[in-house]
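One-letter residues, chain by chain:
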Amino acid sequence: MENRVLWLRAVGGLGNRLLPLLMSLDAVERSGHRILLNWPTKYNKRGSHTVRESNFPHSISRLYDIDMDLIAEQTWRARIKEDLPYYGLKHTQLGKDALQNPNSRRVPLQENKDTHVVVEAHGWLNLDGEGWEILSRLREIYLKYFKLHRQEQELFEQTRAKFAGRPVVGVYMRQLHRALKKWNAYGRITPEMRKHQAEDPDTLFFVISECPKTVASLRSEFGDENVITTPKPGIMNHPDEMLGVVVDIELMRHVDVYYPTWGSGLARLMSALRGDEIL
């Protein structure tokens, strides 16, 4: 029988695209579907943060050394008009409670082994009713399919070498996104950093932040030699920023302690790849 296709469109920021893609890669190994991926890209240089948040300049194949069959958006949208099982954003924008419930908004690939399936994905997918269980396999799937390109791999190795011999605390602070501002990442996480430094002055902080002022403030308080980042322009979804973020994701798997910003898709992704609790 001809392989059936999961026509998958991944939208949103990087974390909210990679989570459902990883879940889909895990699920198709059991359902037998082939993934054809629509990964929308666009970029402009206008200055507002809102515009930058909606930009996404890089294809998945530029961000990672990964073998994916990519399709244009019009090709994906044409499938919606066909008589195929279709699951839109209401099935994929799940919160923690919904994902813990296997019966919540299922996308049943295995029940549709004999047909193509069309999915628009943002955030979490409850594929085949596996719910929360699927998260425990994301690290394995990530390591199997996702590799850094040479330049990003070299940056990873250079930065990882600075971890040697020191306790490393990973800090991910999202502050500029309108939906995450109220959580007050700086106000919540910085006191925890102070506790770590008080307990061991040799603590190294690996920081991810889209706000250069935040990084400067942390370096001023904790010391330049104790705060490291990957080199990025500090502009949301700038092409070079995104290439730095894929290195950040890999580095955050190797810190001793991780403090994420609650509610961020990228924060959830990095938690899953570490095997930590998902917020």
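See the structure above.
Anyway, here's the lowdown on the structure attached to this text.

How each quantity is defined
Residues numbered from 1 in each chain as written. Predicted model: local features only at pLDDT ≥ 70, side-chain atom pairs only at ≥ 80, totals over all residues. Heavy atoms only, no water. Helix = DSSP H or I, 4+ residues; strand = E, 2+ residues; numbered from the N terminus. Rg over C-alpha atoms; globule rule 2.2 N^0.38 Å. Lys, Arg positive; Asp, Glu negative; His and termini not counted. Charge placed at Lys NZ, Arg CZ, Asp CG, Glu CD. Phe/Tyr/Trp six-rings, centres within 6.5 Å; stacked < 30°, edge-to-face > 60°. Buried < 20%, exposed > 50% of the residue type's maximum accessible area, 1.4 Å probe, protein only. Lys NZ or Arg CZ within 6 Å of the ring centre and 35° of its normal. Pairing = 2+ DSSP bridges. Contact = heavy atoms within 4.5 Å. Axes fitted to C-alpha atoms, helices over the stretch in contact; angles between N-to-C directions. Core = buried A, V, L, I, M, F, W, Y, C linked by side-chain atoms within 4.5 Å.

### Topic: the overall build of the chain
Looking only at helices and strands, one finds 11 helices and nine strands in the chain. Its C-alpha atoms give the chain a radius of gyration of 19 Å, near enough to 19 Å, the size a compact globule of 279 residues would have. A principal-axis box enclosing the C-alpha atoms of the chain has dimensions of 60 × 40 × 35 Å. Of the charged side chains in the chain, 39 are positive and 36 negative; the average position of the first set lies 6 Å away from that of the second.

### Topic: the packing of aromatic side chains
Within this structure, the stated rule accounts for eight aromatic pairs. Ring geometry for Y142 versus F146: centroids 5.8 Å apart, planes at 15 degrees, classification stacked. According to the relative accessible area criterion, Y142 is buried, its value standing at 3%. What makes F146 buried here is its relative accessible area of 5%. Judged by centre distance (5.1 Å) and plane angle (55 degrees), the ring pair of F205 and F222 falls under tilted. With a gap of 17 residues between them, F205 in strand 7 (residues 204-209) and F222 in helix 9 (residues 212-222) connect regions that are remote in the sequence. Here F205 and F222 have matching classes, each one buried. Connected via pairs of aromatic rings, a cluster forms that spans Y64, Y142 and F146. Just above the ring of F56 sits the side chain of R17; from NZ or CZ to the centre is 3.6 Å. Over the ring of W7 we find R79; its NZ or CZ atom is 4.7 Å from the centre of that ring.

### Focus: the sheet that holds strand 1 (residues 5-10)
In a beta sheet, neighbouring strands are held together by backbone hydrogen bonds and run either parallel or antiparallel to one another. The strand order across the open sheet built from five strands is 3-2-1-5-4, with neighbouring strands paired in parallel fashion. Looking at the sheet topology across the chains shown, the edges are occupied by strand 3 (69-70) and strand 4 (86-87). Against the sheet, helix 1 (residues 14-31) contacts strand 1, strand 2 (34-38) and strand 5 (117-121), and its axis sits at roughly 170 degrees relative to strand 1. Contacts from helix 4 (residues 73-80) reach strand 1, strand 2, strand 4 and strand 5, with the element oriented near 120 degrees to strand 1.

### What to know about the pairing of strand 7
The buried fraction of strand 7 amounts to six of the six residues, a majority that puts the element mostly inside the structure. Every second residue of strand 7 is oriented toward a common face, with L204, F206 and I208 on one face and F205, V207 and S209 on the other, all of them buried. Across six bridges, strand 6 (residues 168-173) lies against strand 7 in parallel orientation. Bridge pairing in strand 7 links Y172 to I208. Here two bridges tie strand 7 to strand 8 (residues 227-228), and the two strands are oriented parallel to one another. By the bridge assignment for strand 8, F206 is matched with I228.

### Observations regarding the nonpolar core
By size, the foremost hydrophobic cluster in this structure holds 65 residues, and its most contacted members are W39, Y64, F146 and I249. Beyond its immediate stretch of four places on either side in the chain, I249 contacts L14, L18, Y64, Y142, L266, L269, M270 and L273. By size, the runner-up hydrophobic cluster in this structure holds 14 residues, among which are V169, M193, L218 and F222.

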